[in-house]
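# Commentary on secondary and tertiary structure
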Amino acid sequence: RDRTGHIQDPASQRLTWNKPPKSVLVIKKIRDAGLLRPFKELCIFLTEVKGMIVYVEKKVLEDPAIAADESFVAVKKKFCTFQDDLDDISDSVDFIICLGGDGTLLYASSLFQESVPPVMAFHLGSLGFLTPFSFDTYQSQVTQVIEGNAAIVLRSRLLVRVSRESTEKKVQGPVDETGLIITNGENNASHRTMQYQVLNEVVVDRGPSSYLSNVDLFLDGHQITTVQGDGVIVSTPTGSTAYAVAAGASMIHPNVPAILITPICPHSLSFRPIVVPAGVELTIKLSPDARNTAWVSFDGRKRQEISHGDSITITTSCFPVPSICFRDPVNDWFESLAQCLHWNVRKKQNHLSSEEEEEF
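Notes on the structure in this doc start here. On a predicted model such as this, the values are computed, not experimentally measured, just so you know.

Below, the discussion takes up the overall build of the protein. In terms of helices and strands, the protein carries nine helices and 19 strands. A buried classification covers 48% of the 360 residues belonging to the protein.

And the structure:
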């Protein structure tokens, strides 16, 4: 609520620059020949017309079609390049432009484990639920963003910690940008924790096993249920329109502070998807009598096996993804529901003629 006691209108959230943006990270879908022309056009516009510093991932420029383009050599020399998992650019980039499908936005999120720059996503992929901008008018749209004339939606993320127990000697090693390693314990007992930021969902499933997945679900330390089925999805409101909706969950606007828990093919007639408040702490563990291990993935990446003694802790992250809107958070969301998921598409019922009305 604001100071007048009214609930804030989501459409009132605006992009505000403390100072004019000078640098931009351009993320392009890898190995997509159809994106070469838009990528080159955008980069030339940003560097030569807008005078911006452009960051590009090194593997993007290693594409043979880009490397062999002599007309693009002068522009490439102006780029700042980086490598995922090696270079930290979190303090160097003012905003991000994604070219591709929804996966490019998920990838952009994975590059930033803390604060995320505003993201402008162009629809050049297959689905495009999270990518509201058309590339046809990219020059005017990018100019509007640089001038701060745009609405934003803060897409909440999940902070996920995977803790493992083993009988091996204490694990020691460097911390990389995708995970935090913590070790402790004595008498050859070790505890290893990996940390992830997740934009869509955490999926725990039965993997290659033919047995039911059998995992216990805890909320703020209290066991609330046991999931027996193919698995369970823990998602953000942004992720509610991804895997979760295919498993029967409701679609929730990204401005709603919530976490969704959706079973995957539960062996129960009464296990319905539920929504819990953002900020609660969920923990998932293998049940003591589980016949097999489970597998977990984060936004479809970093898939790994979960064994007895391991635990997955999930809560709402303090670092959302500021997603730049085409119009505003409400209109963009309903437009995506209609255009991408064909929400409530049905042939309209014909009206009754005067003669038919008399019969009733």
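Further notes follow.
Another aspect to go through is the sheet that holds strand E13 (residues 258-264). Read from one edge to the other, the open sheet built from six strands follows the order E14-E13-E12-E9-E16-E17, with strand pairing classed as antiparallel. Looking at the sheet topology across the chains shown, the edges are occupied by strand E14 (274-277) and strand E17 (301-306). Strand-to-strand twist across the sheet, computed as the mean angle between neighbouring axes with direction ignored, equals 20°. Pairing geometry for strand E9 (residues 201-205) and strand E12 (residues 231-235), over five bridges, is antiparallel. Residue pairing for E12: valine 203 is matched across the bridge by isoleucine 233.

Turning to empty space enclosed by the protein, a few remarks are in order. Per the stated rule, a full pass over the model turns up two cavities of 30 Å³ or more. There is about 140 Å³ of room inside the largest cavity. Lining the largest cavity are 13 residues, and of these Ser110, Tyr196, Gln197, Arg301 and Lys302 sit closest to its centre. Breaking the lining of the largest cavity down by element, the ones donating at least two residues are helix H5 (102-110), strand E8 (190-198) and E17. Among the elements that line the lining of the largest cavity, the one with the most residues is E8, at three residues. Looking at the lining of the largest cavity residue by residue, the classes come out as five nonpolar, four polar and four charged. Here the second largest cavity is characterised by a volume of approximately 120 Å³. Around the second largest cavity, the lining comprises 14 residues; the ones closest to its centre are Phe129, Val153, Arg155, Asp332 and Trp333. At the level of secondary structure, the elements contributing two or more residues to the lining of the second largest cavity comprise strand E6 (152-155), strand E19 (321-324) and helix H8 (329-340).

Core analysis: the largest hydrophobic core is formed by 32 residues, its most contacted members being Phe39, Leu42, Leu46, Phe79, Ile97, Phe122 and Val142. Those elements giving two or more residues to this core turn out to be strand E1 (23-28), helix H1 (36-49), strand E2 (53-57), helix H2 (58-61), strand E4 (95-100), strand E5 (119-123) and helix H6 (138-146). With residues up to four places along the chain from it excluded, the contact list for phenylalanine 39 reads Val26, Lys28, Val56, Val60, Leu61, Ile66, Phe72, Phe79 and Leu99. Within the second largest apolar cluster, 29 residues are counted, among which are Val204, Ile259, Ala290 and Ile312.

This part is about H5. The buried fraction of H5 amounts to eight of the nine residues, a majority that puts the element mostly inside the structure. Along H5, the residues that are buried comprise Asp102, Thr104, Leu105, Leu106, Tyr107, Ala108, Ser109 and Ser110.

Of all the seven residues making up strand E10 (residues 213-219), seven are buried; the element is thus mostly covered by neighbouring parts of the structure. A two-sided burial pattern is seen for E10, the buried positions comprising Ser213, Val215, Leu217 and Leu219 on one face and Asn214, Asp216 and Phe218 on the other. As defined by bridge partners, E10 adjoins strand E11 (residues 222-229) across seven bridges and the pair is classed as antiparallel. Pairing of aspartate 216 across the sheet is with threonine 226, part of E11. In terms of strand pairing, E10 meets strand E15 (residues 282-286) through five bridges, oriented antiparallel. The residue bridging aspartate 216 from the neighbouring strand is lysine 285, located in E15.

Considering the arrangement of structural elements, one finds threonine 81 in strand E3 (residues 80-82). We classify threonine 81 as partly exposed; its relative accessible area is 44%. Separated by 22 residues in the primary sequence, threonine 81 and lysine 59 place their C-alpha atoms 9.0 Å from one another. Ignoring anything within four residues of it in the chain, the contact list for threonine 81 reads Val56, Lys58 and Leu61.

Our next topic: the packing of aromatic side chains. For any pair of aromatic rings, geometry is given as the distance between the ring centres together with the angle between the planes. Taken as a whole and judged by the stated rule, the model has eleven aromatic pairs. Residues phenylalanine 133 and phenylalanine 326 carry aromatic rings whose centres are separated by 5.8 Å and whose planes lie at 85° to one another, so their mutual orientation is edge-to-face. Of the two residues, phenylalanine 133 sits in the loop between E5 and H6 while phenylalanine 326 sits in the loop between E19 and H8, which places them 193 residues apart along the sequence. When its relative accessible area of 42% is taken as the criterion, phenylalanine 326 is described as partly exposed. Linked through ring pairs, Phe45, Phe122, Phe133, Phe135, Tyr138 and Phe326 together constitute an aromatic cluster.

On to the pairing of E12. E12 sits mainly inside the fold: five of its five residues count as buried. Both faces of E12 are covered, namely the face carrying Gly231, Ile233 and Ser235 and the face carrying Val232 and Val234.

A few words on the side chain of asparagine 200. With respect to the helices, strands and loops of the structure, asparagine 200 is situated in the loop between E8 and E9. Assessed through its relative accessible area of 7%, asparagine 200 is described here as buried.

Rules used throughout
- Residues numbered from 1 in each chain as written.
- Predicted model: local features only at pLDDT ≥ 70, side-chain atom pairs only at ≥ 80, totals over all residues.
- Heavy atoms only, no water.
- Helix = DSSP H or I, 4+ residues; strand = E, 2+ residues; numbered from the N terminus.
- Buried < 20%, exposed > 50% of the residue type's maximum accessible area, 1.4 Å probe, protein only.
- Pairing = 2+ DSSP bridges.
- Axes fitted to C-alpha atoms, helices over the stretch in contact; angles between N-to-C directions.
- 1 Å grid on protein atoms, 1.4 Å probe; cavity = no way out; pocket = protein on both sides within 12 Å on 5 of 7 lines; lining within 4 Å.
- Points joined across faces, edges and corners; volume = space filled by probe spheres on them.
- Nonpolar A, V, L, I, M, F, W, Y, C, P; charged D, E, K, R; others polar.
- Core = buried A, V, L, I, M, F, W, Y, C linked by side-chain atoms within 4.5 Å.
- Contact = heavy atoms within 4.5 Å.
- Phe/Tyr/Trp six-rings, centres within 6.5 Å; stacked < 30°, edge-to-face > 60°.

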